[in-house]
Amino acid sequence: MSAGPLICTMLGGAIAGTLGALLGLGGGVFLIPFLVLVLDIPMHQAIATSIVAVIATSSAGAAMNVERGTVNIRLGMLLEIVTVLGALAGGITASVLQGVVLTKIFAVLLLVISGAMVVNRRFAAPHQHDTRKEGLWLSGEFYDEAAKEMVSYRVHNLPATMAVSLVAGNISGLLGLGGGIFKVPAMHLLSGIPMKAAAATSNFMIGVTAAAGAFIYLSEGHLNVHVAAPAALGVLAGSMLGVRLSRVLRAESVKIVFVVVLALAAVQLLMR
Amino acid sequence: MNVQNHQAERWISLTLRIGVITSALLLSAGLVVEFLRPHAASPLVDPLAILKAALSRQETPPGITLLSAGILILMFTPIVRVIAALGTFILEKDRPFAFVAVIVLTMFMLELLISLA
């Protein structure tokens, strides 16, 4: 094992983790194009690596969020039923698809994510002062450090959020992404969960969803431990740096740059 | 937020922390060992098979064994978290959500069986 690829993978993981944490994502959307386009790693291996890295960042982030009380544990567990089911189907599908097909699907999804990042900026937060009686059984509350107040909320329209979570789980198993880009807006816009609680709950769920798809990749022999280990450590360190940077950097101002980077990566992957 | 809820959150958080730290230490140690090994074997492995071989005292490269153990601990950390949540739901006598945790665990075991098959 030589120093060059080791440092390069760790550095790539750290950059992906930093960018992911800045934008509230797992980092897989940046890590997979880096592994495929820069290090020329086959798509199946890149996805298996991303799954391992996503579990690392999700577990580390969830440990902090659970302690802060921002995670709605019961809602997360309920949604995990459908995300695990989706991941299982995604993992099985990925094992029969060729690497080139997965690359094209991933590239198209990158374009969709870029579009979603632009569109999400225009949505306003619904259910600010919710007085409806439904959704009480999954209600939650947390202390918002920025606003310095307790935030209480109820969960509405659960079937719609479950349907989106099923798709997110499927994407996780198929392409090694956390799926937070779909779950967070769904929880926020469809179920009226405050953004911080939605992001924390989505991150909490990602570990179990990714682990569900991971064993299929592992049993197929797609995991390159010389790539997965430094990438996971890099993403872990990068996500910690990203969380600190997010306190001083405005994510909105850098979002546009990342949208362009993702779109360019998508085009390059489509042309491969 | 009641005291029981706070207790549950502490247990779940602790489970996740222990898993991530243990895994990171094993992965770091494994990378150092692999880096010092002059002719590393093929790194495309199934960690489950490597660990099974190591436990049955078959000869496996120590670096790959450490990396496989680190990756497996990382992958099982969220599952141990579900078990921790199940334990706290049972203690809280929250039967519906204890049942939800059992469903998640059952589906995961099913997935593990499919992978092993």
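What comes next is a walk through the structure. (Residues numbered from 1 in each chain as written. Chains lettered and ligands numbered in written order. Predicted model: local features only at pLDDT ≥ 70, side-chain atom pairs only at ≥ 80, totals over all residues.)

Concerning the overall build of chain B
Then, in step 1: Along chain B, the regular secondary structure elements total four helices and zero strands.
Then, in step 2: Tracing chain B from N to C terminus, the helices and strands come up as α-α-α-α.
Then, in step 3: Split into buried and exposed, the 117 residues of chain B put 38% on the buried side.
Then, in step 4: Contacts spanning at least 24 positions in sequence make up 61% of the contacts within chain B whose residues lie at least 6 apart. (Helix = DSSP H or I, 4+ residues; strand = E, 2+ residues; numbered from the N terminus. Buried ≥ 20, exposed ≤ 12 C-beta atoms within 10 Å, placed from the backbone. Contact = placed C-beta atoms within 7 Å.)

Topic: the overall build of chain A
Then, in step 1: For chain A, the helix and strand inventory stands at ten helices and two strands.
Then, in step 2: Across chain A, helices and strands are ordered from the amino to the carboxyl terminus as α-α-α-α-α-β-β-α-α-α-α-α.
Then, in step 3: Counting all 272 residues of chain A, 57% fall into the buried class.
Then, in step 4: Taking the intrachain contacts of chain A between residues at least 6 apart in sequence as the baseline, contacts between residues at least 24 apart amount to 81%.

Points about helix H3 (residues 43-68) of chain A
An α-helical segment advances 3.6 residues per turn. Residues three or four places apart therefore align on the same side.
Residues and elements named next belong to chain A.
Then, in step 1: With 26 residues, H3 should cover 38 Å at 1.5 Å per step; its first-to-last C-alpha distance of 37 Å lies within 8% of that length.
Then, in step 2: In terms of burial, H3 is largely enclosed, as 23 of its 26 residues are buried.
Then, in step 3: One or two residues past the end of H3 sits Gly69, with phi positive at roughly 85°. (Expected span 1.5 Å × (residues − 1).)

Some remarks on the interface of chain B and chain A
Then, in step 1: The interface is formed by 46 residues belonging to chain B together with 42 residues belonging to chain A.
Then, in step 2: Element by element, the count of residues in the side of chain B that touches chain A is highest for helix H1 (residues 3-36) of chain B, at 14 residues.
Then, in step 3: Of the residues assigned to the side of chain B that touches chain A, the class counts are 32 nonpolar, eight polar and six charged. (Nonpolar A, V, L, I, M, F, W, Y, C, P; charged D, E, K, R; others polar.)

Description of the pairing of strand E2 (residues 149-153) of chain A
Residues and elements named next belong to chain A.
Then, in step 1: Note: strand E1 (residues 140-144) against E2, five bridges, orientation antiparallel. Counterpart to Tyr143 in the pairing with E2 is Met150.
Then, in step 2: Taking the residues between adjacent antiparallel strands as the criterion, E1 and E2 are bridged by four residues, where Lys148 takes a positive phi near 55°. (Pairing = 2+ DSSP bridges.)

Considering helix H2 (residues 28-38) of chain A
Residue and element names in this part refer to chain A.
Then, in step 1: Most of H2 sits out of view: nine of its eleven residues are buried.
Then, in step 2: For H2, the complete set of buried residues consists of Gly28, Val29, Phe30, Leu31, Ile32, Pro33, Phe34, Leu35 and Val36.
Then, in step 3: With its phi angle positive at about 55°, Asp40 sits one or two positions after the end of H2.

Observations regarding the nonpolar core
Nonpolar side chains tend toward joint burial in soluble globular proteins.
Then, in step 1: If you look at the biggest cluster of nonpolar residues, it comprises 117 residues, and the most contacted ones within it are Ile47(A), Val52(A), Ala56(A), Ala228(A) and Ala232(A).
Then, in step 2: No other element matches helix H8 (residues 195-219) of chain A, which puts 16 residues into this core.
Then, in step 3: Apart from residues lying up to four places away in sequence, Ala228(A) is in contact with Ala48(A), Thr49(A), Val52(A), Leu223(A) and Ile71(B). (Core = buried A, V, L, I, M, F, W, Y, C linked by C-beta atoms within 7 Å.)

No statement about biological role is implied by the geometric values presented.
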